[in-house]
Amino acid sequence: MATDHKPEWSDPNNPENCSSIVRKGQEHEGQSASIQKNIRFQKRRNSEPSVDELYEGVIKGERSLLARALTLVESNAEQHFQKAQQLLQKLLPNGGKSIRIGITGVPGAGKSTFIEAFGSYLCDLGHRVAVLAIDPSSSISGGSILGDKTRMEQLARNPRAFIRPSPTAGKLGGVHRKTRESLLICEAAGYDVILIETVGVGQSEVIIRDMVDFFMLLVLTGAGDELQGMKKGIMELADAILVHKADGANKQKAEQTRKEYNRILHFLQPATKGWATKAYTCSSMTQEGISEIWRVIQSFEQTGKASGVFNERRKSQAREWLYSMITDQLEFHFYQHRGIRNQLPKLENEVIAGEKTVAAAVETLFNTFLTNKE
Ligand SMILES: Nc1nc2c(ncn2[C@@H]2O[C@H](COP(=O)(O)OP(=O)(O)O)[C@@H](O)[C@H]2O)c(=O)[nH]1
Ligand SMILES: [Mg+2]
């Protein structure tokens, strides 16, 4: 028999040790039944899993069901919203057991590269790491920080890590509700470190600060001018400032920049009671400083848990979440209301034309909203 008909794993130097015959395919009894069964199985896989199936899958840490649970909370369809809430209610007792870390910085600061290096380091230590992203521009572009997945190639392949790009905004609470809920689901799935990346463009830092335990700001060297221009407000949100890309010719400058930041931090309000925010240097390229950052975060967690500040923040975040969700829901139901939708364009024109005061228009709308159910 010709060797080219032998399987790949046969020994090419010793062809006689393997014999194989290639026959024409034949249908055997019961085969079509088994194909039918396979099709039914595929169909079931493609149909939507139930809340119970998702729950089981998530707590067992099954990646495909975890991904589907996240897709459910990210969906903008109203029927998905109800189902997602049932799932979250069931998962709630399994959440809360991670350290939640927010990472911000201007585009190009190296956030994604840092997450790749830091996340891989944590996986090597035995942690399970979930990466979420908030892209405030995604509501406009409809896209997400997808390019980042290519920067996190190594981490994306790590079985101990799970990366989820930013959801797009929609009605029913937008990106921040979805990210909070995704965070709970990842915790229930057993991820004990959650990293949330956001581009630093003002509003998103405040949103992310409200959902994480530890918040860090990545900055670059040569920040003399930048320091002058940088909003004090952002520095006051941070629990650590990382002068990133401290490698090669940049290393010395990074050290200098670190000292400058520390001088300024000295005069600012710390973001967390009982914790002194400091600046550090690190490089994701050489890995230098990566393990130090983790030690800083662990020390933050320990001191915060001992003083109660850590859990107090979690409680106040839950409270804030409640009120922001009430606001979101009110807004959603208000604009969905048929009477409002009928009246609003006309009232808007009247306000623009200067024929009606804003207050009068709002009063008319609220009368409609509060007196008619539909
Ligand atoms: N020298 C050096 N370059 C880095 C480092 N981390 C990231 N970079 C580079 O900085 C650029 C922006 O990185 P990226 O992670 O996409 O930044 P992001 O926009 O903040 O997510 C890329 O070209 C990276 O290769 C580092 O530690 N050292
Ligand atoms: Mg990025």
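Residues numbered from 1 in each chain as written. Chains lettered and ligands numbered in written order. Predicted model: local features only at pLDDT ≥ 70, side-chain atom pairs only at ≥ 80, totals over all residues.

- In the annotation of an unreviewed UniProt entry, the protein chain is listed under the name Methylmalonyl Co-A mutase-associated GTPase MeaB and assigned to Neobacillus novalis.

Regarding the nonpolar core
Thought 1: Within the largest apolar cluster, 68 residues are counted, with the highest numbers of intra-cluster contacts made by Ile-185 and Ile-194.
Thought 2: When neighbours within four sequence positions are excluded, Ile-194 is seen to be in contact with Ser-98, Arg-100, Ile-101, Ala-130, Leu-132, Leu-183, Cys-186 and Glu-187. (Core = buried A, V, L, I, M, F, W, Y, C linked by C-beta atoms within 7 Å. Buried ≥ 20, exposed ≤ 12 C-beta atoms within 10 Å, placed from the backbone. Contact = placed C-beta atoms within 7 Å.)

Observations concerning the environment of Leu-365
Thought 1: Considering the arrangement of structural elements, one finds Leu-365 in helix H17 (residues 358–371).
Thought 2: For the pair Leu-365 and Leu-344, spaced 21 residues apart in the sequence, the C-alpha separation amounts to 7.5 Å.
Thought 3: Once you skip the residues sitting within four places of it in the chain, Leu-365 turns out to touch Ile-340, Gln-343, Leu-344 and Leu-347. (Helix = DSSP H or I, 4+ residues; strand = E, 2+ residues; numbered from the N terminus.)

Brief notes about helix H16 (residues 338–352)
Thought 1: Helix length check: H16 (15 residues) gives 22 Å between terminal C-alpha atoms against 21 Å at 1.5 Å per residue, within 8%.
Thought 2: Taken as a whole, H16 carries its principal kink of about 35 degrees at Leu-344; the proline Pro-345 stands between one and four residues after it.
Thought 3: Along H16, only zero of the 15 residues are buried, which leaves the element largely exposed. (Expected span 1.5 Å × (residues − 1). Bend = angle between axes of the 7 residues up to and from the residue.)

A closer look at helix H3 (residues 63–74)
Spacing of three or four residues puts side chains on the same side of an α-helix, whose turn is 3.6 residues.
Thought 1: Counted at 1.5 Å a residue, the expected span for H3 with its 12 residues is 16 Å, and the 16 Å between its end C-alpha atoms agrees.
Thought 2: For H3, the full list of buried residues reads Leu-66, Ala-69, Leu-70, Leu-72, Val-73 and Glu-74.

Side note on the site of ligand 1
Thought 1: Taken together, 15 residues sit near ligand 1, with Gly-110, Lys-111, Ser-112, Thr-113 and Lys-245 positioned nearest.
Thought 2: The leading source of residues in the shell around ligand 1 is helix H5 (residues 111–124), at three residues.
Thought 3: Here the residues of the shell around ligand 1 are counted per class, giving three nonpolar, eight polar and four charged. (Near = placed C-beta within 6 Å. Nonpolar A, V, L, I, M, F, W, Y, C, P; charged D, E, K, R; others polar.)

Re the environment of Thr-257
Thought 1: The residue Thr-257 is located in helix H13 (residues 251–265) in this model.
Thought 2: Here Thr-257 falls in the buried class, since 24 other C-beta atoms lie within 10 Å of it.
Thought 3: Each C-alpha atom of the pair Thr-257 and Thr-281 lies 8.8 Å from the other, and the pair is 24 residues apart in sequence.

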